[in-house]
Amino acid sequence: MALQHLSVGEIAVILPGATAVFRRHKIDFCCQGDVLLSSEAERRGLDLSAIEAELHGLESPGEPAPAETAELIAHIIERYHKVHRREFPAVIEMARRVESVHQARSDCPRGLGDLLSRMFEDLEDHQHKEEAVLFPAMINGMGPVLRHPIARMMQDHVELGELLAFMADLTDDFVPPEGACGTWRALYAGCSKLDADLREHVHLENNILFRRFL
Ligand SMILES: [Fe+2]
Ligand SMILES: [Fe+2]
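Here goes a summary of the coordinates provided.

Reading the values: the criteria
- Residues numbered from 1 in each chain as written.
- Chains lettered and ligands numbered in written order.
- Predicted model: local features only at pLDDT ≥ 70, side-chain atom pairs only at ≥ 80, totals over all residues.
- Heavy atoms only, no water.
- Donors = N, O, S within 2.8 Å, 3.2 Å for Na, K, Ca; no water.
- Tetrahedral: all angles 85-135°; square planar, octahedral: opposite > 155°, others 65-115°.
- Core = buried A, V, L, I, M, F, W, Y, C linked by side-chain atoms within 4.5 Å.
- Buried < 20%, exposed > 50% of the residue type's maximum accessible area, 1.4 Å probe, protein only.
- Helix = DSSP H or I, 4+ residues; strand = E, 2+ residues; numbered from the N terminus.
- Domains from an automatic or database assignment.
- Contact = heavy atoms within 4.5 Å.

Turning next to the coordination of the iron ion (ligand 2). Taken together, the protein ligands of the iron ion (ligand 2) are His126 (NE2), Glu130 (OE), His157 (NE2) and Glu205 (OE), with distances of 2.0 to 2.2 Å. Viewed at the metal, the 4 donor atoms of the iron ion (ligand 2) are separated by angles of 84 to 173 degrees, and the geometry they form is irregular. We note that the donor set of the iron ion (ligand 2) lies within a single chain, spaced as H-x3-E-x26-H-x47-E.

Set out below in structure tokens:
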């Protein structure tokens, strides 16, 4: 896809995750969203091909999960833990903005910002426990003793699933209403990306990694 011929607002809608790339390069994809990516790069003296490479990276389906435990854990941290940490703040900020600007509309996703913040807080606590305690123990070859910590992590995953269902309800399954602005559409695309990534992340842990220790 030739991204340079699309506006940054269009890219933010069709490529979930692009908003995090734009935010990092301080490219305004909402108020100035109708600017072409190529024009914006030229005006700001940004490296267009480097930004396009980052955006195309978001489109790739990704490598298959590694078979070896230490590699699988490294993959989970790089591809999911770090990506959630990077993407949640931008989505929360968009939710707060949409809720404040469109509060008079009946289809405004009231409470979405609070829900996302709670989800991010819970997730950060959970990921920290995995990174600091559980994953190192797995890499060090500990076995049956991990059953209880793993059960606790799986309970957290169940609670995350409930919050994801609530997020899908609030956003009408990530379908923006008629006449939604660019930020609103980018918000739902971002929520949909979070949902897809979080589900893939939990799948790798529950169904692949954790099973090796149960
Ligand atoms: Fe995790
Ligand atoms: Fe987890």
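Before going further, it helps to spend a moment on the nonpolar core. Ranked by size, the top nonpolar core spans 39 residues in total, and within it Leu55 and Leu116 carry the most contacts. Broken down by secondary-structure element, the contributors of at least two residues to this core are helix H1 (8-14), helix H2 (18-24), helix H4 (48-59), helix H5 (69-101), helix H6 (112-139), helix H7 (147-170) and helix H8 (182-209). At 8 residues, the largest contribution of residues to this core is made by H8. When we break this core down by domain, the ones giving at least three residues each are domain 1 (3-59) and domain 2 (69-213). Setting aside residues no more than four positions away along its own chain, Leu116 makes contact with Phe88, Val91, Ile92, Ala95, Met167, Cys191 and Leu194. Counting residues in each nonpolar core, the second largest holds 16 residues, with Leu134, Leu146, Ile150 and Leu209 among its members.

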